[in-house]
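Commentary on secondary and tertiary structure
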Amino acid sequence: MSKIKAVLGSLSDVEGVLGSFVITDQGGLLGSTMPAVFDADVFSEAGPRLARLIEASSALADGFKGCVLKFAEHRLFVREVSGAFLGVLLSAAASLPALRVATNLVARKLGPLVLEAPVAVAEERAPATDRSPAVVAPPSAPSVGTPSAPRPMFFRGHRVGG
């Protein structure tokens with residue numbers, strides 16, 4: 001986890017970056033440079049939702065594996081990296097072209113680290129809580145409370161994806 005965190009730290013060189021993270025599609029936190037208010041519970045909720053967003057965006061454009069979510073004062077840049085998701089929280093004034101260049105470089109370094117991360121994360125995690133099985137489960141294992149059939153996704157009234 002510390003190696004991933006060190007790689008994520010290089011994104012702070014881009015003006016306007018407030019923090020970054022890497023999570024599995026199940027919501028398991030692999031590394032973060034986000035402010036302390038974003039704890040593991042936030043990521044366990046966000047992981048499956050981000051997975052659906054990326055799946056929907058890739059259904060709309062072939063080969064596209066990312067999106068930018070715009071909020072009033074912030075943006076969240078998300079892209080897929082080796083089956084996990086790299087998220088970058090930035091101010092509204094941040095340069096997206098500069099961020100894309102930086103995330104391309106970071107993604108190359110993160111790829112091998114993400115593939116070996118689930119074992120390392122399970123060993124470094126704090127004592128188990130009620131939600132920890134869903135947080136540390138490998139991407140191939142179903143998480144607690146996940147429905148057996150995927151929910152249909154819609155974009156502008158049209159069904160997208162499988």
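Going by the structure above, here's the rest.
What comes next is a walk through the structure. Nothing here was measured: the structure is a model prediction, and the numbers come from that model.

Attention shifts here to the overall build of the chain. What the chain contains, in helices and strands, is four helices and seven strands. Taken from the N to the C terminus, the helices and strands of the chain come in the order α-β-β-α-β-β-β-α-α-β-β. Here the chain, with 162 residues, has 39% of them falling under the buried criterion. Expressed as a percentage of contacts within the chain between residues at least 6 apart in sequence, the contacts between residues at least 24 apart total 54%.

Here strand 3 (residues 66-70) runs beside strand 4 (residues 74-81); their pairing, made up of five bridges, is antiparallel. Bridging from a neighbouring strand, Lys70 pairs with Arg75 of strand 4. Hairpin geometry of strand 3 and strand 4 is characterised by an intervening segment of three residues between the two adjacent antiparallel strands. Of the pairings in the sheet, the one linking strand 4 to strand 5 (residues 84-91) comprises eight bridges and is antiparallel in character. What sits directly across from Arg79, in strand 5, is Leu86. The hairpin formed by strand 4 and strand 5 contains two residues between the paired strands, and Ser82 there has a positive phi angle of roughly 50°.

Moving on: helix 1 (residues 2-9). Of all the positions in helix 1, only Ile4, Val7 and Leu8 are classed as buried. In an axial view of helix 1, the angular spread of the buried residues amounts to 100°, which keeps them on one side of the axis. For helix 1, the exposed residues lying more than 90 degrees away from the buried face are Ser2, Lys3 and Ala6.

Given 3.6 residues per turn, any residue in an α-helix points the same way as the ones three and four places further on. Between the first and last C-alpha of helix 2 (residues 40-60) there are 30 Å, a value that for 21 residues agrees with the 30 Å anticipated at 1.5 Å per step. The largest bend along helix 2 reaches roughly 30° and is located at Ala46, with the proline Pro48 sitting one to four residues downstream.

The buried fraction of strand 5 is high, at seven of eight residues. Inspection of the sheet shows strand 1 (residues 17-24) paired to strand 5 by seven bridges, in the antiparallel sense. Counted as the bridge partner of Thr24 is Ala84 from strand 5.

Turning next to the nonpolar core. One broad rule of soluble globular proteins: the nonpolar side chains tend to lie buried together. Counting 23 residues, the largest nonpolar core has Leu11, Val22, Leu86, Val88 and Leu110 as the members making the most contacts within it. Secondary structure elements with two or more residues in this core: helix 1, strand 1, strand 4, strand 5 and helix 3 (96-124). Per element, the largest residue contribution to this core is eight residues, and it comes from helix 3. Excluding residues within four positions of it along the chain, Val22 makes contact with Ile4, Leu8, Gly28, Leu29, Leu30, Gly31, Ala84, Phe85, Leu86, Leu110 and Val114. Counting 13 residues, the second largest nonpolar core, distinct from the first, contains Leu29, Phe43, Ala51 and Cys67.

Rules of the game
- Residues numbered from 1 in each chain as written.
- Predicted model: local features only at pLDDT ≥ 70, side-chain atom pairs only at ≥ 80, totals over all residues.
- Heavy atoms only, no water.
- Helix = DSSP H or I, 4+ residues; strand = E, 2+ residues; numbered from the N terminus.
- Buried < 20%, exposed > 50% of the residue type's maximum accessible area, 1.4 Å probe, protein only.
- Contact = heavy atoms within 4.5 Å.
- Pairing = 2+ DSSP bridges.
- Arc of directions from axis to C-beta.
- Expected span 1.5 Å × (residues − 1).
- Bend = angle between axes of the 7 residues up to and from the residue.
- Core = buried A, V, L, I, M, F, W, Y, C linked by side-chain atoms within 4.5 Å.

Nothing here speaks to function; it is geometry throughout.
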